[in-house]
Each structure stands twice: as structure tokens, then as C-alpha cells.
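# Examining the three-dimensional arrangement
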Amino acid sequence: MAVDHINDINKLEYLDKDYSVSVSGVAGLSIRVYPNGKKEYYLRYSHPHIEGKRPRMMLGKVEDIDLYEVKYKAETILNMVAKGSDPKAIQQKEQVNRYTHLKNATFSEIAQAWRDHKTAGRHQNKSKKSAFSDSTLKFWDLCLGYMCSEIGDLRMNDITSEMILSVCESIQN
């Protein structure tokens, strides 16, 4: 079975075990369906430098990226592979570089960057249901508030495990 239209994707049923369904039109592109209802696009490609290796790369959640966009993204990645680039290595390097500016950051700056990252989709598109409830976000803010009041001004390299434990104990009390 292969899907080639958004209606086909919407008809995919959730089973007791996760499974994959090919997306027609792009070799290696598939949708992974999980028992909890999550659906994600994945691309399997032949590694440009290692014979026989076929890495799998997550391209996005079905609710976040439409079929046309994911096919374009997959074709772009396959073109990179054809030219000898490893897209997964490039993606990992970009992930590391995305946080380079936080190298000498304080705990407060790191905590805020994490909070912003976790809630990014919530602010960009009000029609999307947030992955986190308002009570979860309030709890995060409460905990981060305690943490930041105690160790917020310290650089990450200066924070010890004992400091974290002490703050956690004060939050618990």
C-alpha cells in the first residue's frame, strides 16, 4: 500500500504496533504511524559514503508539514545524496550550530531558549493544538522560576550537580 494524497494519509488507522506506509512519487519516503496517533514522515536513503547503509531521517510530523512540502524536501535531500553529501551529518551539524550562541550562556538564558523551543509552534499558529497544556506550561514556568532565582546568573560550566540537587530539594519542600 502506498499513499499519494492527503485523504489517504487521513484514512491511515492506528494499530497496536507502529507501522510504515510508502508515499508514492519519492523513493524511500514513508509515513510512520504510531499507536498513540502520531504520524511522521521519514526518508530512507543510501548513504553516500558507506556501502549498504540506509539511514532513516525524520522529515516532520504529518500535522506540521503538508505532502507537497515533504516531497520537495525529500527530493532535495536525495539530490544532496546524489552529489555525495550526507544530509543527516549536515542536519546534526546544523543542530549543534543552532545553539552555539549559548556556549557561554547563563542558566536563565539556556532555560529561556529551551522554553522558547518547546513552545515555538504554539505562538506561530494559534489554530494548532499545543503539545503541552496550559497547566504544564505554568508548571514549567514555576520550576524554572525557582531554578533561575537560585542559579540563573551562573554560567552552565559553573553549575555543579550539588547545586542542582539543592535547588531541586528546595522546590520539593
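Above this text sits the structure in question.
Attention here is on the structure that accompanies the text. Keep in mind that what you see is a predicted model, and the values were worked out from it rather than measured.

## Let's talk about the overall build of the protein
Each helix and strand counted, the protein has seven helices and five strands in total. N-terminal to C-terminal, the α/β element order of the protein is β-α-β-β-β-β-α-α-α-α-α-α. For the protein, the proportion of its 173 residues judged to be buried stands at 29%. Across the protein, the fraction of contacts at a sequence separation of at least 24, relative to all contacts at a separation of at least 6, is 40%. Looking at the protein as shown, the accessible area adds up to about 11900 Å², and 51% of this sits on carbon and sulfur atoms.

## A short note on the nonpolar core
Soluble globular proteins: nonpolar side chains tend toward being buried together. Counting 21 residues, the largest nonpolar core has Leu29, Ile31, Tyr41, Leu59 and Val70 as its most contacted members. Every element with two or more residues in this core is listed here: strand 2 (19–23), strand 3 (29–33), strand 4 (39–44), strand 5 (56–61) and helix 2 (67–82). Element by element, the count of residues in this core is highest for helix 2, at five residues. Ranked by size, the runner-up nonpolar core spans seven residues in total, among them Ala111, Leu144, Ile159 and Val167.

## What about helix 4 (residues 107–118)?
In an α-helix there are 3.6 residues to a turn, and that puts residues three or four apart on one side. For helix 4, built from twelve residues, the straight-helix expectation of 16 Å at 1.5 Å per residue is met to within 8% by its first-to-last C-alpha distance of 16 Å. Taken residue by residue, helix 4 has Phe107, Ala111 and Arg115 as its buried positions. Viewed along the axis of helix 4, the buried residues span an arc of 65 degrees, placing them on a single side of the element. Those residues of helix 4 that are buried are in contact with helix 6 (134–151).

## Things to note about the packing of helix 4 against helix 6
Running from N to C, helix 4 and helix 6 cross one another at 165 degrees; their axes reach a closest spacing of 9 Å. One element, helix 4, and the other, helix 6, form an angle in the roughly antiparallel class. The element helix 4 and its partner helix 6 pack so that their crossing is right-handed. Listed contacts from helix 6 to Phe107, Ser108, Ala111, Trp114, Arg115 and Lys118 of helix 4 are Leu137, Trp140, Asp141, Leu144, Met147, Cys148 and Ile151. Residue composition of the contact of helix 4 with helix 6, by class: nine nonpolar, one polar and three charged.

## Quick notes on the side chain of Thr119
Mapped onto the secondary structure, Thr119 falls in the loop between helix 4 and helix 5 (120–124). Relative accessible area serves as the criterion here: at 3%, Thr119 is assigned to the buried category. Side-chain polar atoms of Thr119 contact the backbone oxygen of Arg115, separated by 2.8 Å. Residue contacts for Thr119: discarding those within four places in its chain leaves Leu137 and Trp140.

## Concerning the state of the cysteines
Each disulfide consists of one covalent bond between the sulfur atoms belonging to two cysteines. Applying the stated rule across the entire model yields zero disulfides. No disulfide involves Cys168; its sulfur sits 8.5 Å from that of Cys143, the nearest cysteine.

Rules used throughout
- Residues numbered from 1 in each chain as written.
- Predicted model: local features only at pLDDT ≥ 70, side-chain atom pairs only at ≥ 80, totals over all residues.
- Heavy atoms only, no water.
- Helix = DSSP H or I, 4+ residues; strand = E, 2+ residues; numbered from the N terminus.
- Buried < 20%, exposed > 50% of the residue type's maximum accessible area, 1.4 Å probe, protein only.
- Contact = heavy atoms within 4.5 Å.
- Areas by Shrake-Rupley, 256 points an atom, 1.4 Å probe, with all protein chains shown as cover.
- Core = buried A, V, L, I, M, F, W, Y, C linked by side-chain atoms within 4.5 Å.
- Expected span 1.5 Å × (residues − 1).
- Arc of directions from axis to C-beta.
- Axes fitted to C-alpha atoms, helices over the stretch in contact; angles between N-to-C directions.
- Parallel < 35°, antiparallel > 145°, perpendicular 65-115°, else oblique.
- Left-handed = near helix turned anticlockwise from the far one by under 90°.
- Nonpolar A, V, L, I, M, F, W, Y, C, P; charged D, E, K, R; others polar.
- Polar contact = N/O pair within 3.5 Å; in protein donor to acceptor, adjacent residues only side chain to side chain.
- Disulfide = S-S within 2.5 Å.

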